[in-house]
2 protein chains.
Amino acid sequence: MPPRSYVSPARSAAAAETRERVIEAASRTLREGESIARFSLDTVAKAAGVTRLTVYNQFGSRRGLLEAVFDEIARHGGLHQLADAMAMADPCAALDRMVEIFCSFWSRDSAVGRLHDAMATDPEFAEAVSERNERRRRAVTALIDRIAGKTASPQARKDAVDLIFALTSYPTFASLSAGRSRDEVCRVVQGACHAALAPLINPSSPRNG
Amino acid sequence: MPPRSYVSPARSAAAAETRERVIEAASRTLREGESIARFSLDTVAKAAGVTRLTVYNQFGSRRGLLEAVFDEIARHGGLHQLADAMAMADPCAALDRMVEIFCSFWSRDSAVGRLHDAMATDPEFAEAVSERNERRRRAVTALIDRIAGKTASPQARKDAVDLIFALTSYPTFASLSAGRSRDEVCRVVQGACHAALAPLINPSSPRNG
DNA sequence: GATTGACTATACATTATGTATATCTAATTT
DNA sequence: AAATTAGATATACATAATGTATAGTCAATC
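No experiment lies behind these values; they were computed from the predicted model shown. (Residues numbered from 1 in each chain as written. Chains lettered and ligands numbered in written order. Predicted model: local features only at pLDDT ≥ 70, side-chain atom pairs only at ≥ 80, totals over all residues. Heavy atoms only, no water.)

**Q** Sorry, what's going on with the packing of helix α1 (residues 9–32) of chain A against helix α3 (residues 52–59) of chain A here?
**A** Working note: a packed helix pair is described by the angle between its axes plus the distance between those axes. Residue and element names in this part refer to chain A. At a closest axis distance of 11 Å, the pairing of α1 and α3 adopts a crossing angle of 110°. By the angle between their axes, α1 is roughly perpendicular relative to α3. Between α1, through A15, T18, R19, V22 and I23, and α3, the contact on the second element is made entirely by T54, V55, Q58 and F59. Residues that form the contact of α1 with α3 fall into these classes: five nonpolar, three polar and one charged. (Axes fitted to C-alpha atoms, helices over the stretch in contact; angles between N-to-C directions. Helix = DSSP H or I, 4+ residues; strand = E, 2+ residues; numbered from the N terminus. Parallel < 35°, antiparallel > 145°, perpendicular 65-115°, else oblique. Contact = heavy atoms within 4.5 Å. Nonpolar A, V, L, I, M, F, W, Y, C, P; charged D, E, K, R; others polar.)

Quick look at the structure:
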């Protein structure tokens with residue numbers, strides 16, 4: 001006879017609450033630890049007050065947990081403001097706003113730095129994070145298309161997109177953060193992005209002859 | 001009685017040869033493996049035809065081996081050309097040349113990428129690599145001091161140095177390398193560096209009011 | 001009251017770093 | 001020639017982490 005299965009509101013709610021508690025414990029562990037090296041499921045499980053096997057039940061693997069933490073941070077990191085920024089009339093002002101939004105995002109939770117570190121040792125996790133970054137690339141591309149003059153070559157557009165994509169990445173943010181506040185980093189990145197735009201608007205002065 | 005010790009030319013030569021063989025095997029393993037995750041001393045030892053304990057005898061630890069590989073790559077990576085570049089009369093041309101040199105360096109051996117990945121999981125190794133990068137920072141600082149007009153503020157100089165430091169870093173190179181040849185990346189980075197210089201030469205147009 | 005879902009307890013397999021001890025071999029010293 | 005020494009080896013062990021397997025607990029649902 002086939003097993004009868006059912007959905008339980010109380011059980012699902014409890015499971016969801018457990019899941020949230022584990023994610024919270026994981027991001028706290030990431031924040032407090034001084035490197036991703038010491039981030040173990042054992043530590044997370046103890047911090048969340050559950051068993052290590054519960055973590056596997058909920059997330060399948062270490063990578064699954066890391067992805068869940070990343071998504072949780074992204075959900076509360078203010079990236080939803082990107083839609084408003086993209087709707088602005090002036091694309092240059094929109095770009096400035098985008099830089100602000102991502103500087104806030106990278107600086108909001110130190111766990112994002114640790115998550116980027118985790119990309120180094122787990123190629124599949126790296127791909128998962130890269131896919132999430134593609135949203136930023138699409139936004140940059142859309143703005144460049146609006147900003148660029150009709151005479152701007154496809155190559156110049158591509159260069160500008162990739163350069164601004166790199167300038168708004170986490171590694172650049174982290175590098176510039178040594179000795180700078182979030183707002184100061186934001187200002188420097190905005191300036192660099194403006195400069196990256198110049199050859200698009202005034203193509204009469206190519207940067208290399 | 002005190003133990004008598006001696007130095008043996010043949011022994012030292014053999015040891016040095018073994019050391020070289022292990023370093024070669026390690027960098028080959030780094031190049032061929034698809035991530036730093038699978039880089040184990042066991043694999044390296046087998047590839048070099050020695051025992052894992054020999055690796056420990058020579059390098060002390062996994063980190064010691066990675067540092068040795070990094071230094072070996074740096075020794076043959078063309079960074080010695082930096083001295084000639086710094087001696088150029090035109091500091092802007094020197095900067096262009098510096099970008100060239102580092103683009104060559106980052107692209108020369110794919111093992112450097114894996115070594116940068118290793119920084120994520122080993123803070124002390126990260127510090128060791130960062131110290132070696134300080135040479136690049138000093139070179140940039142020296143060039144900026146020569147390029148900047150007398151009216152350029154210390155803040156503007158610092159911003160330019162840190163921005164160019166970030167633009168010539170490995171993460172930026174790796175990011176721009178998607179779909180670009182080494183020379184194309186070099187051209188894009190050079191353009192961005194020129195743009196970063198603008199506020200130093202013509203401070204009448206600050207980038208943020 | 002029987003069953004099911006989430007969690008637990010315990011054990012095990014695997015892989016990696018790093019340490020300890022004894023042994024082997026060829027180069028060097030006496 | 002014999003003793004010694006440096007470098008490499010063989011073997012074993014300690015530790016920690018991921019991931020899997022199996023059985024058991026307990027409350028919610030049928």
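**Q** Just checking my understanding: could you explain the nonpolar core for this structure?
**A** Generally speaking, nonpolar side chains in soluble globular proteins are found buried as a group. Ranked by size, the top nonpolar core spans 128 residues in total, and within it L65 of chain A together with L65 of chain B carry the most contacts. Apart from residues lying up to four places away in sequence, L65 of chain A is in contact with V22, A26, F39, L41, V44, V55 and F59 of chain A. (Core = buried A, V, L, I, M, F, W, Y, C linked by side-chain atoms within 4.5 Å. Buried < 20%, exposed > 50% of the residue type's maximum accessible area, 1.4 Å probe, protein only.)

**Q** Can you help me understand the packing of helix α11 (residues 182–201) of chain A against helix α9 (residues 154–167) of chain B in this one?
**A** Taken N-terminus to C-terminus, the directions of α11 of chain A and α9 of chain B make an angle of 70°; their axes are 11 Å apart at the nearest point. Here α9 of chain B runs roughly perpendicular to α11 of chain A, going by the angle between their axes. The segment α11 of chain A lies against α9 of chain B, with R187, V188 and A192 of chain A engaging Q155, D159 and L163 of chain B. Here the residues of the contact of α11 of chain A with α9 of chain B sort into three nonpolar, one polar and two charged.

**Q** Explain the pattern of salt bridges here, please?
**A** Where charged atoms from two side chains of opposite charge approach closely, those side chains can pair. All names here are of chain A. In this structure the tally under the stated criterion is 36 salt bridges over all chains. A salt bridge links R31 to D109, with the shortest nitrogen-to-oxygen separation between them at 3.2 Å. One end of the pair, R31, is in helix α1; the other, D109, is in the loop between α6 (91–108) and α7 (111–121), with 78 residues separating them in the sequence. A residue is classified by how much of its surface remains accessible, and R31, at 33% relative accessible area, is partly exposed. Owing to a relative accessible area of 12%, D109 belongs among the buried residues under this scheme. (Salt bridge = Lys/Arg side-chain N within 4 Å of Asp/Glu carboxyl O.)

**Q** What exactly am I supposed to notice about helix α4 (residues 62–75) of chain A here?
**A** Across its 14 residues, α4 of chain A extends 20 Å between first and last C-alpha, which sits within 8% of the 20 Å expected from 1.5 Å per residue. Within the span of α4 of chain A, buried status applies to L65, L66, A68, V69, F70, E72 and I73 of chain A. (Expected span 1.5 Å × (residues − 1).)

**Q** What exactly am I supposed to notice about the relation of the copies chain A and chain B here?
**A** A rotation about some axis, followed by a shift along it, carries one copy of the chain onto the other. If you rotate chain A by 180° and push it 0.0 Å along the axis, it lands on chain B with an RMSD of 0.0 Å. Seen this way, the second copy is the image of the first under a two-fold rotation axis. No C-alpha of chain A lies nearer the rotation axis than that of A195 of chain A, which sits 2.7 Å from it. An overlap of 100% is found between the interface residues of chain A and their copies at the interface of chain B, pointing to a shared contact surface. (Least-squares fit on C-alpha atoms with pLDDT ≥ 70 in both.)

**Q** How do you make sense of the environment of F165 of chain B when you look at a structure like this?
**A** Residue position: F165 of chain B is located in helix α9. Apart from residues no more than four positions distant in its own chain, F165 of chain B is found in contact with S175 of chain A together with N133, R136 and R137 of chain B.

**Q** How do you make sense of the interface of chain A and chain B when you look at a structure like this?
**A** When the parts of a complex come together, some accessible area is lost, and that lost area is often used as the size of the interface. Residue-level contacts link 31 residues of chain A with 31 residues of chain B. Carbon and sulfur atoms make up 57% of the surface buried where chain A meets chain B, a total of about 2,600 Å² over both sides. Taken together, the links from chain A to chain B amount to six salt bridges. Between R180 of chain A and D162 of chain B there is a salt bridge; the shortest N-O distance is 2.7 Å. (Buried area = accessible area lost by both parts, 1.4 Å probe.)

Spatial relationships are all this shows, so hold off on functional conclusions.
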